[in-house]
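Here's the letter readout for the chains.
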Amino acid sequence: MADFLQNDIKFLTGVGERRAALLNKELGIFTLYDLLYHFPFRYMDRTRVYRIADINEQFTTHVQIRARIKGFSHQGERAKKRFIVTVSDGSGVTELLWFKGIKWIEKRLEIGREYLIFGKPTFFKGEFNMVHPEIELTEKLAQRPNFGIQGVYSTTEKLNSSGLTSKEIYNLVCNLWQHASAHIHETLPDYIRNANGLMPLKEALYNIHFPQSPQLLAQAQYRLKFEELFGIQLSILSRRSKRTTMADGFVFKRVGENFNDFYNNRLPFQLTGAQKRVIKEIRSDTVTGHQMNRLLQGDVGSGKTLVALMTMLLAVDNGYQSCLMAPTELLARQHYNSITSMLVGTPCEGKVDVLTGSTKTKERRGILERLAAGETKILIGTHALLEDRVQFSNLGFVVIDEQHRFGVEQRARMWTKNSQPPHILVMTATPIPRTLAMTLYGDLEVSVIDELPPNRKPITTRHMYDSQRLRLFSFMKSEIAKGRQVYVVYPLIKESEKMDYKDLYDGFESICRDFPLPEYRIGVVHGKMSSEDKNVAMDEFKRGVTNILVATSVIEVGVDVPNASVMVIESAERFGLSQLHQLRGRVGRGAAQSYCILMSGEKLSHEARARLDAMVETNDGFQLSELDLKLRGAGDIFGTRQSGMAFDLKIASLGKDGQIIELARRTAEKILDQDPTLSTPNNTLLAELRNRYVNHDNTIEYEMIS
Ligand code: ADP
Ligand code: MG
């Protein structure tokens, strides 16, 4: 991109120092280029003019009317002042209201003249009015170049209150266009544009800001989405091919006593076919001499932990240490407990440690010493493993559980824990639709466990209303009478933490009333407890001391209590689909028939009802995640930071643009096959496009390799 566009935004007419600072801070706009690529997030259709008589409560967005001013009036005093303009279009009469800028607006309006009025109708007893509409003399319209489809730019409260409204940003973009349009250079070679029917960049940018017709807008969006997704694919695929062609991976040649002893003598059950296949895939990856980066996808309860353990034993057989990083302390401890108990009597007994943020200083010192000396073979823990002071003697294999909680950056940080990067296995129970995986994890090989261990009965899911609580309680009692245990989970959402804790405590009390001692014992676990108390509560539940565990969503991931067969989810409408599915996966682990009960109020939004219905209908995590993607869009499910996505998408949507992702992927593959480094002259532009998406995180990986 030409240098001109890299000029500081403050030099643009209408910006200046103060506004520039705001644009930097609020929208990340630093240069002219940034503003040019700040696209409207939606468009308002001003091609239609409605009759006042036809506007009813179905109209939930802005509408446009053409009406004559009948009269003015003022009401209220001082801060409560308002200015009311009555207008009529022959079909009906309505009022326009101003609370601010009254003097200014009053001066500009004339009784008897016709205006084009654009605003959001607010209804009251069947009548509507419009507050602070946009208003313009009809006869002035001819002077406006494109009043048909108007872009709405995202702003923030701070920007709005400093006058940088959507409209003002639009004005800035108009100014920008005058100077900048001559400096826009094509980013895609002709051969790609022609093959895919893409409009030139300049035309696309023009139409994205100033759509000349709905068709041209659609073409502009298509072109810019393609460019973005294609650039990302070029970057991801280049990175992957670079990695796979360099010889920099540890070689796990031996299958030795640790692996064999465990497999032959310790394994409490037969591996499923899928588990065997994945272990084979990992084995063949780790003998190539290239570093492995593999994603292991498997629904909750499919037995990923076991695969992780066996591959860690493989590393031990070859003289390397392994580590397993989990997203929560609870989960790390649980992994530690189950892994140490499976390793009793094997050569690895006593060579496993656990390290978390709450490990006491003295204990930590011992752990770190044993680790550095190579005595520890397997280290389990949380984010605490990423800290610099955690030094291995020879780390060869890293497992990251529930990858969607960690980012690319953390993955990359693990690379630096040895002189050569260790093999990496990331595990996730969140089934990721294919096109999404291509973008989020496009640089990883993918393994799938698509088979549950035998003898699992499908979980029965029911949706009940809060009014049916008595029925719920008697159902819980009958299950407890059969010797089963019950989870009752409450949502905990950061923004409403106080209320959520209140709900939890209220719920806990009401359960205590209905399930009294000595017949019933009830435990609680939530995020505000000390980790010791949490461990005690979990342990009591695991040992069957408590019948009911009341919890916040801390138990969402990984907790494994086979005797628990009922999962009650309170305010289920507040959870996302993938979270509901994860929670449900906590039951159905033993031989008993298991149940998931979704509790909600009677009043549900359309989306919430769709989520709950889907849960009742299917146990298939893949189907649910596809639906989730449709309902929410990728941004919400995999918030950029959480997802490990290293870049923000400016225009494309991972949820909605699957077809373009596929096309971009295929196109990128074809080109890189012939020109892996994009160094031939007709690919110069593509090298630039690729580099736009080589971000900071990825650079760490590049440096590691070369
Ligand atoms: P995930 O992490 O994939 O959700 P886990 O690894 O926690 O699943 O396994 C769930 C449960 O299934 C555990 O109790 C585990 O011991 C058990 N399990 C794993 N593999 C098998 C198998 N092949 N046969 C029977 N049970 C298994
Ligand atoms: Mg797990």
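Quick summary incoming for the structure in this document.

Scoring rules and cut-offs
- Residues numbered from 1 in each chain as written.
- Chains lettered and ligands numbered in written order.
- Predicted model: local features only at pLDDT ≥ 70, side-chain atom pairs only at ≥ 80, totals over all residues.
- Heavy atoms only, no water.
- Axes fitted to C-alpha atoms, helices over the stretch in contact; angles between N-to-C directions.
- Helix = DSSP H or I, 4+ residues; strand = E, 2+ residues; numbered from the N terminus.
- Contact = heavy atoms within 4.5 Å.
- Nonpolar A, V, L, I, M, F, W, Y, C, P; charged D, E, K, R; others polar.
- Pairing = 2+ DSSP bridges.
- Near = heavy atom within 4 Å.
- Polar contact = N/O pair within 3.5 Å; in protein donor to acceptor, adjacent residues only side chain to side chain.
- Areas by Shrake-Rupley, 256 points an atom, 1.4 Å probe, with all protein chains shown as cover.
- Buried < 20%, exposed > 50% of the residue type's maximum accessible area, 1.4 Å probe, protein only.
- Salt bridge = Lys/Arg side-chain N within 4 Å of Asp/Glu carboxyl O.

### So, the packing of helix H9 (residues 257-266) against helix H11 (residues 304-317)
Packed helices, taken two at a time, are described by the angle between their axes plus the distance between the axes.
Now for step 1: Axis separation between H9 and H11 bottoms out at 7 Å; the angle between their running directions is 145°. Taken together, the residues of H11 that come into contact with H9 (itself represented by Glu257, Asn258, Phe259, Phe262 and Tyr263) are Leu306, Leu309, Met310, Leu313, Leu314, Val316 and Asp317.
Now for step 2: Classifying every residue of the contact of H9 with H11 by side-chain character gives 9 nonpolar, 1 polar and 2 charged.

### Points about the sheet that holds strand S7 (residues 127-131)
Now for step 1: Ordered in space as S6-S7-S4-S3-S2-S5-S8, the 7 strands form an open sheet in which the pairing is mixed. Every interior strand has two partners, whereas the edge strands, strand S6 (121-124) and strand S8 (134-137), have only one. Each strand axis lies, on average, 40° off the axis of its neighbour in the sheet, ignoring direction.
Now for step 2: Relative to strand S4 (residues 93-98), strand S3 (residues 82-88) runs antiparallel, the two sharing 6 bridges. Each residue of the ladder has a partner; that of Thr86, found in S4, is Glu95.

### Some details on the site of ligand 1
Now for step 1: Residues in close proximity to ligand 1 total 16 residues, the closest being Gln270, Gly301, Lys304, Arg456 and Asp560.
Now for step 2: Within the contact set of ligand 1, a nitrogen atom lies 2.7 Å away from a backbone nitrogen or oxygen of Gln270.
Now for step 3: At 2.8 Å, a side-chain N or O of Lys304 approaches an oxygen atom of ligand 1.
Now for step 4: Taking 570 Å² as the accessible area of ligand 1 by itself, protein coverage stands at 82%.
Now for step 5: Partitioning the shell around ligand 1 into residue classes produces 4 nonpolar, 7 polar and 5 charged.

### Brief notes about the pairing of strand S15 (residues 423-428)
Now for step 1: Burial analysis of S15 places 6 of its 6 residues in the buried class, the great majority of the element.
Now for step 2: Note that strand S14 (residues 395-401) and S15 share 5 bridges and pair parallel. Bridge assignment links Val399 to a residue of S15, and that residue is Leu425.

### Here we look at the pattern of salt bridges
Now for step 1: For the structure shown, the criterion picks out 27 salt bridges.
Now for step 2: Taking the shortest distance from any N to any O, the salt bridge between Glu17 and Lys10 comes out at 3.6 Å.
Now for step 3: Glu17 gets classed as exposed once you look at its relative accessible area, which sits at 57%.
Now for step 4: Classification of Lys10 by relative accessible area gives partly exposed; the value is 26%.
Now for step 5: Here Asp506 and Lys502 are joined by a salt bridge, their closest N and O atoms 2.9 Å apart. Of this pair, Asp506 and Lys502 are both found in helix H17 (residues 497-514), 4 residues apart, which corresponds to roughly one turn of the helix.
Now for step 6: Owing to a relative accessible area of 45%, Lys502 belongs among the partly exposed residues under this scheme.
Now for step 7: Ionic contacts of the salt-bridge type, sharing partners, join the residues Glu186, Asp190, Arg193, Arg223, Glu227 and Arg692 into one network.

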